[in-house]
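# Report on the structure
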Amino acid sequence: MKFAKVVLPNGRYPKMSAVSDTISVVGVTPRYIPPTHDRKHERHDSSSKHHEKKKTVKKSYFKKKKREEKRSTNNEVSLGPMKLKQKTMSILLVFAKEDAQSDGFWWAADKIGYKCYIAHNPETAMENYLDKHPDVVIIDHRNSKHFDAEALCRSLRATESSEHTVIVAVTKRYALDKEEPSFLPSITAGFNKRIVESPNISMCMNELLTLEYGEVQSRLKLSACKAVFSALDNVSDAVEISSEDHEVQYVNHAFERLTGYSSEEVLGKNSSEIVKNDRNRPDLNDTINSQLKKGKYWDGIYHTRRKSGEILPSHCHICPVLGQGGKISHVISIKNSTTDTSHILKESTEFNLVNGGLHGVPRRKESIARIHSMTIEAPITKVINIINAAQESSPITVVQALDKVLEILRTSELYSPYFAQQNMKDNDPMTSDLVSGLVSQNVKRSLTPSYLSDVNSNSSGKQGSDLQSRRPSHHSHLHIPSPVTSSLSQVPDHIQEILDKDYTWEFNVIELEKVTNKRPLLYLGLKTLTRFGICDFFQVEESVIANWLKLVEGRYHSTNTYHNSTHAADVMHASAYFLERERNKAVFDQMDEMACLIAAIVHDLDHPGRTNAFLVNEKNELAILYNDQAVLENHHSALAFQLTWKDDSVNIFKNLETDDYKILRQNIIDMVLATEMKQHFQHLNKFINSINKGCLKMDETSSMSGNGSPDSTMMLNQLSAPENKTFIKRILIKCADVANPCRPLDVCKEWGKRIAEEYFLQTDEEKARGLPVVMPVFDRKSIRIPKSQLSFIDVFINEMFESFDDYCDIPELISHLQTNYQYWKERDEESSEKSEQENLPNGTTEDDT
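Note that the coordinates shown come from a computational prediction; the quantities given were computed from them, not determined experimentally. (Residues numbered from 1 in each chain as written. Predicted model: local features only at pLDDT ≥ 70, side-chain atom pairs only at ≥ 80, totals over all residues. Heavy atoms only, no water.)

## Here's the deal with the side chain of Asn740
- Assignment of secondary structure puts Asn740 in the loop between helix 34 (722-737) and helix 35 (745-769).
- What makes Asn740 buried here is its relative accessible area of 9%.
- At 2.7 Å, the side chain of Asn740 and the side chain of Tyr562 are in polar contact.
- Non-local contacts of Asn740, meaning those with residues more than four positions away in its chain, are made with Tyr562, Asp570, Cys748, Trp751 and Asn820. (Helix = DSSP H or I, 4+ residues; strand = E, 2+ residues; numbered from the N terminus. Buried < 20%, exposed > 50% of the residue type's maximum accessible area, 1.4 Å probe, protein only. Polar contact = N/O pair within 3.5 Å; in protein donor to acceptor, adjacent residues only side chain to side chain. Contact = heavy atoms within 4.5 Å.)

Given below as structure tokens:
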């Protein structure tokens, strides 16, 4: 090894080349060996003399401090083009007892002009360190009986400011023939260097000078690098630093915003692979590398692929950084993500290789959102463009959060919640199957062996044939013969007595079903529609209304245990009851009322007693006709209008103006489609966000200013806006459709039994025909009806009716809901206990049904 002679005039190193910054130069000096005469006696005398001298220095402390301030070296240090000032070095000595070694460092620091402090225990050392922030800490590591040097070092390194502190250990001197222990544990603890003990002041001075111009100066440069990186993180251009092999070593926040990748996702990866796309010319990378190898930089248009898959053009400046031996050590890429579009179009086919500055190419700051904006924007497009624009000047954490927002906004079902199906299934199979069966459009479940064991594997077996023959198709329904009556004046007294209670929530449609021989819709519908003035609105005779009701009721399947004309009558009654609420009367006009009542009457027209998923799985002709989308709901609304327009004697729409008919038809269709449970959470969330919040503000305003205040009137007008009325009508018919848990207990129990029986029949048929079982828990051998009711209320009912109550005030329904929930809960607990006692897993009891 050859060493150049280095002269240090005036305490400064000579200037070196740029490459020398990365080279460590080590000098070998003769080993200093103290005289062989009585060292102990010499140390004692020396220590005594040093002690006396130190007393003198301490007495003139203030004079010394003033001298240090004057003597401040302020050495100039270069870091590339940066000029740094190195101030007077400060030292903290940590020695349990002052001896010749501590005095040696003290006097060496005094002679050079360094600031020096001393501490005798770890507590004082930590206190001084946090107060003085010294550049160098020298810890006595010769004897562990006073304090643990490595533990103290670890404590110092645990502080935030320790990154730029040099910590040195003073170790014992060992004889030449004795092997020294490894210093690796001390390095692991945080020590940067060790100094072998020697009280010689000249040796101590040399060690301190070596520290100042070596370790301390290097840390000064490292602290300056933090400022450089902070600057890079705050520029608007995307900066990427990679190795000569194109391995990414650093990216700034603008790069993360431009590409959508976080720094953790790209560091250590090949930069060309991250943004690889087909929009760049095939030989572009070879061209760029050729320029870099010549030591030149490349300017031009480069297409960058974002994490989302979007490809953005940007002006790019790539330059090499030369390292040791003149070889490329790093490659810097600077991309401007806000480029003028005309320039992009011009340059996209020709990639200019120019040796000019980054600003040699004209550019204009313009939002990505403006570049890609549409001439005709939808509201959601405007929202996405605003978010895109906001991302350009946001910190990375906000950018990443907004990326997640954009990902959600680009989905088609913005208001549909995400169910953790696996967790729900593990915790509550009943609720999981209920949600899957009602919310999912097409649930594909394979038959399990337990299901197959209940039926003959041959689908043409006797049990399968029986079920097939009993299964109603959408054409095989029971027509109800027209009754003698054709007007309200001819309604029998025993029926009229029940109808007189139709304006109350306690009205019992089950009783009406019994006394009308399963024709409750005709009688209740005629009275309800007349009460709301249907004849005047449609300008038709009462007989037309009666004929239409007979026709509609005839197309409901009386063989269905649940989805029959009684259910339609029940939903119509609930809708009428809701329309009588004060807020609805203030918001709706007669057109809205007619749409609500007619939609309720026809909302399950020609229902086969099977779910949408069943029809899809069996490849029913209705599923094929409506492309598996809202099969039954589309069929109900379409058939209602087909039947109505076939004959003038039943056509309640025949005298309506064309524009009125279009509005009414659209409202009816929208409400019937809203009864599809797949869209339940979308409709509910829109209602809560658009209606409930406005109502809350309206109620507060009314209580403060009175009902006639301008603020109250403004909020009422807002609720009456067409889009808001649509949200209200959807929730109105949805609440009416599933109001069973809010009915009086006897009626609630009856509807619970009927819906369960209909699901039982579907499960039986699915097993017999080898179809996927949509809701496996609805097996009559193992189901607990109370449990199914509790699950349905928890998932679908509670939040919707509480929200509707906040809107139009229906406390009687909430009261019934609470009573019924408690009833089902008690029955479920009794059933569960009885099953455990009889060792019948999940068995039902007679009380359950």
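What follows continues from the structure just given.
## Some points on the sheet that holds strand 4 (residues 115-119)
- With parallel pairing, the five strands of this open sheet are ordered in space as 4-3-5-6-7. Two strands lie at the open edges of the sheet, namely strand 4 and strand 7 (193-196), each paired on one side alone. Taken over all neighbouring pairs, the strand axes of this sheet differ in orientation by 25 degrees on average, direction set aside.
- When strand 3 (residues 90-94) meets strand 4, the two strands line up parallel, connected through five bridges. Considered in strand 4, the bridge of Leu92 is made with Tyr117. (Pairing = 2+ DSSP bridges. Axes fitted to C-alpha atoms, helices over the stretch in contact; angles between N-to-C directions.)

## Details of the nonpolar core
- Within the largest apolar cluster, 113 residues are counted, with the highest numbers of intra-cluster contacts made by Phe538, Phe578, Phe653, Ile668, Phe801 and Phe804.
- Among the elements that take part in this core, helix 36 (residues 785-808) stands out by supplying 12 residues, more than any other.
- Setting aside residues no more than four positions away along its own chain, Phe653 makes contact with Phe538, Ile598, Phe641, Thr644, Trp645, Tyr661, Leu664 and Ile668.
- By size, the runner-up hydrophobic cluster in this structure holds 24 residues, among which are Phe105, Trp106, Trp107 and Tyr114. (Core = buried A, V, L, I, M, F, W, Y, C linked by side-chain atoms within 4.5 Å.)

## What to know about the pattern of salt bridges
- All told, the structure shown has 29 salt bridges when counted by the stated rule.
- Measuring nitrogen to oxygen at the nearest pair gives 3.1 Å for the salt bridge that ties Arg142 to Glu197. Remark: Glu197 occurs in the loop between strand 7 and helix 7 (201-233) and Arg142 occurs in the loop between strand 5 (136-140) and helix 5 (149-157); sequence separation between them is 55 residues. Glu197 shares its class with Arg142; the two are buried.
- The partner of Glu207 in a salt bridge is Lys193, and the shortest N-O contact between them spans 3.4 Å. Residue Glu207 is found in helix 7, and its partner Lys193 is found in strand 7; the two are separated by 14 residues along the sequence.
- Where salt bridges share partners, they join Asp500, Asp502, Lys527, Arg531 and Glu580 into one cluster. (Salt bridge = Lys/Arg side-chain N within 4 Å of Asp/Glu carboxyl O.)

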